[in-house]
Amino acid sequence: MSKKNSTGSAKPSHSTNYRGQKTPSSDSRRTYTIPDFRLEKPSFAIRQIRKGDEVRYEVEGDLNSPVPPIRESKYLSKQQHIEIYRWMLLNRKMEQALENLYKQGKVVGGVYFGLGQEACSCASAFALHKEDWLGPLIRNQGSLLVRGFSPRDIMMQYMAKAGSPTKGRDASSHFGDIQERNVVAPISTLGDLIPVLAGVALGARLQGGNIAVMTYIGDGGQSTGVTYEGLNFAAVQNLGLVLFVENNLWGYSTPADMQFRVKDLAERAIAYGIPGVIVDGTDACQVYDAAHEACERARRGEGPTLIEAKMMRMKGHAIHDAAEYVPKPLFEYWKRRDCLARFENYLVKVKKWLTVSENANLIADVDRQLEEDRDDAVASPMPEPESAAGGVYCEQGCHEIKPKYGMPEVKGRASSGPMRREAATHLR
Ligand SMILES: Cc1ncc(C[n+]2csc(CCOP(=O)(O)OP(=O)(O)O)c2C)c(N)n1
Ligand SMILES: [Mg+2]
């Protein structure tokens with residue numbers, strides 16, 4: 001029986017300190033840990049300065065701190081390090097090629113870049129197994145490469161060529177592959193990929209297996225209501241969602257400091273009742289290790305993980321945006337922390353896993369592949385005008401859509417009756 005106080009209510013769960021102030025008793029105090037794997041915790045803030053109609057940003061804080069080393073991976077083999085490095089090189093150089101194609105007037109529409117974020121895209125997707133699923137955003141072109149799309153596919157898509165994944169129907173990265181590569185096409189309505197990917201994990205669960213489903217959301221996009229709904233659903237259902245919150249300090253031209261009050265976006269995991277971790281998004285080893293551990297949890301059926309990857313968007317929102325609102329010292333600070341240059345230095349000089357000539361050969365090989373793919377993409381035809389409406393709407397029966405996951409087989413279930421207890425337990 002609980003003790004009653006003078007007003008007859010149950011004893012409150014706090015005690016009184018020597019000043020007579022009420023303090024929570026130890027059993028009611030909650031403590032949470034958000035592991036932070038970074039080897040450097042940048043301390044600066046971006047301030048908005050307004051003068052009349054003019055708005056600009058200034059950065060305050062220590063911008064001269066030494067560049068952190070790469071953290072040793074607990075899981076990656078030497079060969080896997082080199083593979084990730086190659087994907088990152090391909091990612092960066094493909095985007096440089098796309099920029100040139102745009103300037104030559106060959107790209108239809110805009111180009112979105114992941115400059116500075118290649119480690120996050122490539123090392124995260126590298127942690128997925130074949131049966132897992134990926135839902136990239138438009139900056140995650142590196143994830144698409146790792147998942148098996150070629151630079152040719154991506155360049156053709158940007159040029160809206162007939163042979164592109166969407167046959168010229170879309171001009172940026174809104175394409176996926178639900179048959180072979182298990183890739184959900186990016187959804188531009190920010191946050192909407194989260195419930196979709198949670199649904200994929202639920203579909204797999206209903207088939208009796210737990211898989212990892214990985215998707216991304218930006219520091220801006222994470223404020224959307226659907227982010228909360230999707231992640232909460234995944235948490236409650238214990239679905240294997242691996243959510244990368246890519247905190248690249250800018251959402252279009254709005255600095256992260258003006259978008260949320262929490263210190264770290266990983267803290268939001270606490271409110272969902274799921275693990276949250278922080279990594280340096282410019283360190284491929286930290287990104288991979290966190291992604292690998294989250295994917296393993298997912299495959300064990302232990303539910304979602306939120307990984308905040310901190311880094312910096314090193315270009316404007318898209319090619320039309322020169323990012324003049326970004327304070328120059330911030331670019332200089334993050335340029336010194338370039339994910340590709342630091343990983344190259346780690347492999348060649350620190351670990352000595354690549355000799356200087358092996359590295360030069362690897363770079364030349366990537367250049368060769370990109371040139372071939374680019375020439376092929378440029379030379380390939382545009383769609384025939386008469387085909388414009390094809391594949392947009394379809395008549396019933398004009399092509400077959402094969403579901404990857406069907407309805408669950410439920411023992412003894414009446415054909416249209418409610419799901420019985422045996423099936424419902426699979427949802428836990
Ligand atoms: C629900 C929704 N609101 C607004 C937009 C318009 N929009 C597209 S990108 C963008 C900024 C996104 O910033 P962030 O999420 O930080 O991603 P980043 O571009 O930095 O990768 C906005 C506001 C959108 N696509 N979807
Ligand atoms: Mg952002």
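Data block above holds the structure.
The model shown is predicted, which means the values in this text are computed figures rather than measured ones.

Scoring rules and cut-offs
Residues numbered from 1 in each chain as written. Chains lettered and ligands numbered in written order. Predicted model: local features only at pLDDT ≥ 70, side-chain atom pairs only at ≥ 80, totals over all residues. Heavy atoms only, no water. Helix = DSSP H or I, 4+ residues; strand = E, 2+ residues; numbered from the N terminus. Buried < 20%, exposed > 50% of the residue type's maximum accessible area, 1.4 Å probe, protein only. Areas by Shrake-Rupley, 256 points an atom, 1.4 Å probe, with all protein chains shown as cover. Core = buried A, V, L, I, M, F, W, Y, C linked by side-chain atoms within 4.5 Å. Contact = heavy atoms within 4.5 Å. Axes fitted to C-alpha atoms, helices over the stretch in contact; angles between N-to-C directions. Parallel < 35°, antiparallel > 145°, perpendicular 65-115°, else oblique. Left-handed = near helix turned anticlockwise from the far one by under 90°. Nonpolar A, V, L, I, M, F, W, Y, C, P; charged D, E, K, R; others polar. Donors = N, O, S within 2.8 Å, 3.2 Å for Na, K, Ca; no water. Near = heavy atom within 4 Å. Polar contact = N/O pair within 3.5 Å; in protein donor to acceptor, adjacent residues only side chain to side chain. Salt bridge = Lys/Arg side-chain N within 4 Å of Asp/Glu carboxyl O.

Colleague: Lay out the overall build of the protein chain in plain terms, naming residues and giving numbers.
Modeller: A count of helical and extended segments in the protein chain gives 12 helices and 11 strands. Counting only residues that meet the buried cut, the protein chain has 47% of its 428 residues in that class. For the protein chain, the exposed area adds up to about 21800 Å²; of that, 52% sits on carbon and sulfur atoms.

Colleague: Help me get a handle on the nonpolar core, residues and values and all.
Modeller: In this structure, Ile84, Met88, Met155, Met214, Phe244 and Phe343 are the most contacted members of the largest nonpolar core, which totals 99 residues. Of the residues forming this core, the biggest block, 10 residues, is contributed by helix α1 (residues 78-103). Ignoring anything within four residues of it in the chain, the contact list for Met88 reads Glu118, Ala119, Cys122, Ala284, Cys339, Leu340 and Phe343.

Colleague: Break down the packing of helix α5 (residues 193-206) against helix α6 (residues 225-236) for me, citing the residues and quoting the values.
Modeller: Relative orientation and spacing of two packed helices are given, respectively, by the angle between their axes and the distance between those axes. One way to put it is that α5 packs onto α6 with a least axis distance of 8 Å and a crossing angle of 20 degrees. Here α6 runs roughly parallel to α5, going by the angle between their axes. Crossing angle aside, the handedness with which α5 passes α6 is left-handed. Counted together, Ile194, Pro195, Ala198 and Leu202 of α5 and Val226, Thr227, Gly230, Leu231, Phe233 and Ala234 of α6 form the full contact between these two elements. In the contact of α5 with α6, the residues fall into 8 nonpolar, 2 polar and no charged.

Colleague: Please give an account of the coordination of the magnesium ion (ligand 2) that cites residues and values.
Modeller: On the protein side, the magnesium ion (ligand 2) has Asp219 (OD), Asn248 (OD1) and Trp250 (O) as donor atoms, found 2.0 to 2.2 Å from it. Read in sequence order, the donor residues for the magnesium ion (ligand 2) give the motif D-x28-N-x1-W. Of this pair, Asp219 sits in the loop between β6 (213-218) and α6 while Asn248 sits in the loop between β7 (241-247) and β8 (250-251), and the two are 29 residues apart along the sequence. When sorted by exposure, Asp219 lands in the same class as Asn248, which is buried.

Colleague: Tell me about the site of ligand 1, and please be specific about residues and values.
Modeller: Looking at ligand 1, there are 13 residues lining it, with Arg139, Ser188, Gly221, Asn248 and Trp250 nearest. Backbone polar atom of Leu190 to a nitrogen atom of ligand 1: 3.1 Å apart, as the coordinates give it. One of the side-chain nitrogen or oxygen atoms of Asp219 is found 3.1 Å away from an oxygen atom of ligand 1. Look at ligand 1: alone it shows 590 Å² of surface, and the protein chains cover 66% of it. Of the residues that constitute the shell around ligand 1, the class distribution is 3 nonpolar, 8 polar and 2 charged.

Colleague: I'd like a description of the pattern of salt bridges, backed by residues and values.
Modeller: Counting across every chain of the model gives 26 salt bridges. Asp376 is paired through a salt bridge with Arg152; the nearest N and O atoms lie 2.6 Å apart. Pair noted here: Asp376 is in helix α11 (residues 356-379) and Arg152 is in helix α4 (residues 151-158), with a separation of 224 residues, a long-range link. Classification of Asp376 as partly exposed rests on a relative accessible area of 37%. Looking at Arg152, the relative accessible area reads 28%, which means it is partly exposed. Arg368 is the salt-bridge partner of Asp365, the closest N and O atoms lying 3.3 Å from each other. You can see Asp365 and its partner Arg368 sitting in helix α11, 3 residues apart, about one turn around the helix.

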